[in-house]
Amino acid sequence: MKTLYKIIHYLNPVARLGKRQYSVFLPLFVSIFVSVTLECYVYFVLHDPNVVGLYAIFLYIGLIIFFSFRDGVRGGFTATAVTIVYYFYIIYTRHHQGQQLITSIETTIILGILYMFLGGVIGWLKQTIDKLIEKEADERRRLQTIIQQLPVGIVITDNQGRVQHSNKQLESILGIKLQKDLVAGRDIIIPVKHNGKEINASQTPLAYTLATGKPITDKEYVIQRSDSKKVHMNINTSLIHGQRGRVIAAAAIVNDITQQKELESRKDDFVNMASHELKTPVTSLKLYSSLLKKHLEKLQDEKGIKTIISINQQTERLQDLINDLLDVSRLQTGKLMFTKENFRLDLVIRETIAGLKAASKKQEIKYKGTGAVAIFGDKFRIYQVLTNLLTNAMKYSPEHEKIIVQIRKEDKKVIVSVQDFGIGIAKDQQKKVFDRLYQVTEPKEKTFPGLGMGLYISKEIIKRHRGTIWVESEKGKGSTFYFSLPLSKK
Ligand code: ADP
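Heads up: these notes are all about the structure in this document.

Reading the values: rules and limits
- Residues numbered from 1 in each chain as written.
- Predicted model: local features only at pLDDT ≥ 70, side-chain atom pairs only at ≥ 80, totals over all residues.
- Heavy atoms only, no water.
- Near = heavy atom within 4 Å.
- Polar contact = N/O pair within 3.5 Å; in protein donor to acceptor, adjacent residues only side chain to side chain.
- Areas by Shrake-Rupley, 256 points an atom, 1.4 Å probe, with all protein chains shown as cover.
- Helix = DSSP H or I, 4+ residues; strand = E, 2+ residues; numbered from the N terminus.
- Nonpolar A, V, L, I, M, F, W, Y, C, P; charged D, E, K, R; others polar.
- Buried < 20%, exposed > 50% of the residue type's maximum accessible area, 1.4 Å probe, protein only.
- Contact = heavy atoms within 4.5 Å.
- Pairing = 2+ DSSP bridges.

Quick look at the site of the ligand now. The environment of the ligand is formed by 21 residues, the closest being Asn392, Tyr396, Asp420, Gln439 and Leu455. One of the side-chain nitrogen or oxygen atoms of Asn392 is found 2.8 Å away from an oxygen atom of the ligand. Gly452 is positioned such that a nitrogen or oxygen atom in its backbone is 3.3 Å from an oxygen atom of the ligand. For the ligand, whose unbound accessible area comes to 530 Å², protein coverage reaches 96%. Elements that contribute at least two residues to the shell around the ligand include exactly helix 10 (379-395), helix 12 (454-464) and strand 14 (478-486). Among the elements that take part in the shell around the ligand, helix 10 stands out by supplying 3 residues, more than any other. Here the shell around the ligand is composed, by residue class, of 10 nonpolar, 8 polar and 3 charged.

Dropping the structure here:
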């Protein structure tokens with residue numbers, strides 16, 4: 001049975017599509033065999049050698065089609081050649097003479113041309129199809145090799161979410177071997193968390209992209225592998241469109257960022273520990289310098305008082321820095337607490353401006369308000385944001401005296417803006433200034449002291465109040481920082 005199956009498979013022209021193995025031997029052998037069999041049949045079974053012509057025409061058309069389909073132009077032409085030789089053999093052995101001889105030769109020539117045309121066209125079609133299939137298979141192999149060589153995990157599905165390709169890197173990130181018939185959106189092979197919440201199969205990145213048409217960029221997901229290892233992944237997805245714009249596939253790139261996350265968390269722990277350790281001695285320093293100041297005032301030591309005031313100012317700066325460091329590490333660990341209440345934002349702005357005006361006599365801060373504005377939030381933290389924006393405006397516009405603070409209501413929210421006419425921020429830096437520890441590194445900006453924490457803390461505080469913060473700026477002309485907050489419902 002197996003041998004029979006093998007023979008059928010070997011002869012089957014469809015099974016050979018894409019193979020580009022064109023045999024001459026088989027068409028030659030089979031065509032000669034068929035001719036000999038036919039001769040025996042008409043001589044010994046039918047006892048009439050002259051009826052062979054009719055059988056031969058149909059039989060050889062079949063053979064030529066079969067072999068040109070199986071073995072290309074070569075197969076078609078070989079079968080045609082045997083056929084023509086056989087036809088001449090018939091003319092010779094049946095002793096055709098006179099008009100019959102001429103008609104037979106003419107028929108053989110016409111049929112020969114027709115057979116050659118048939119074999120040529122079918123053979124050429126078969127070879128073209130083979131080439132196309134081979135090209136596609138090469139393309140697939142090339143893609144597969146590239147996918148396997150990439151240093152990131154990759155999974156490609158068709159437009160229904162059925163997994164078509166994936167690589168070893170993905171399996172090593174997930175810690176399991178992927179089964180063949182997985183479908184994105186239907187199967188979930190390992191519990192996945194996004195933003196701390198477990199997601200279901202339809203919320204997985206590829207399922208989301210296939211369902212909505214929207215790509216996912218740099219989103220973090222966490223899995224708990226069966227070997228109990230927690231793995232942080234950064235995932236990007238996108239749709240792949242065909243020539244006519246139809247979605248033909250979707251791809252996801254998976255990056256293992258566990259090490260980076262662990263490093264960040266160790267760094268945060270260190271910053272947290274260091275700032276806690278620094279807090280106590282700095283508080284004592286402030287206390288002792290205040291005592292010393294009182295003592296010097298009693299002694300009326302003017303020079304000493306001046307020195308101690310400077311020490312006090314520097315200690316306060318140090319204290320602010322330590323507090324910022326602590327806030328950053330609390331934000332990272334989700335431990336920054338808010339005490340929310342209803343309060344008047346316009347009054348807090350006025351107080352903040354008054355406080356800063358006392359500290360810096362040089363710059364004039366103008367306030368443009370619209371009466372009472374009540375919001376629900378943490379008063380101290382909003383004051384912290386305002387102080388940060390205003391001190392930045394002062395710091396980064398040393399040669400300009402005017403700063404404008406504006407507050408206006410819009411729908412159900414309030415928008416506060418702090419405008420300066422200082423050094424400004426280049427377009428490509430404007431989003432980045434809100435990142436943790438980000439500072440513009442151009443020569444001019446480098447001369448200003450700072451650690452790049454203020455705007456990051458401000459952004460997080462505003463975010464936790466369901467608001468947004470943004471900047472509009474032009475290099476050399478100044479910046480306007482905005483933040484919006486929802487108005488109090490009462
Ligand atoms: P810091 O001021 O301590 O460096 P911030 O987080 O407050 O940190 O600001 C981040 C960066 O944004 C600053 O280093 C500065 O380059 C830029 N920046 C902030 N505010 C302004 C401003 N008003 N004008 C120009 N550049 C600014």
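So, about the environment of Val51. Tracing the sequence through the fold places Val51 in the loop between helix 2 (25-45) and helix 3 (52-93). Residue class for Val51 comes out partly exposed when judged on its relative accessible area of 29%. The sequence separation of Val51 and Glu39 amounts to 12 residues, and the corresponding C-alpha distance is 10 Å. When neighbours within four sequence positions are excluded, Val51 is seen to be in contact with Val42 and Leu46.

This brings us to the sheet that holds strand 4 (residues 197-198). Pairing is antiparallel across the open sheet formed by 7 strands, whose spatial order is 2-1-7-6-5-3-4. The open sheet is flanked by strand 2 (163-166) and strand 4, the only strands paired with a single partner. Sheet topology note: the strand 3 (residues 192-194)/strand 5 (residues 216-224) ladder contains 2 bridges and is antiparallel. Among the inter-strand pairings, Lys193 is bridged to a residue of strand 5, identified as Val222.

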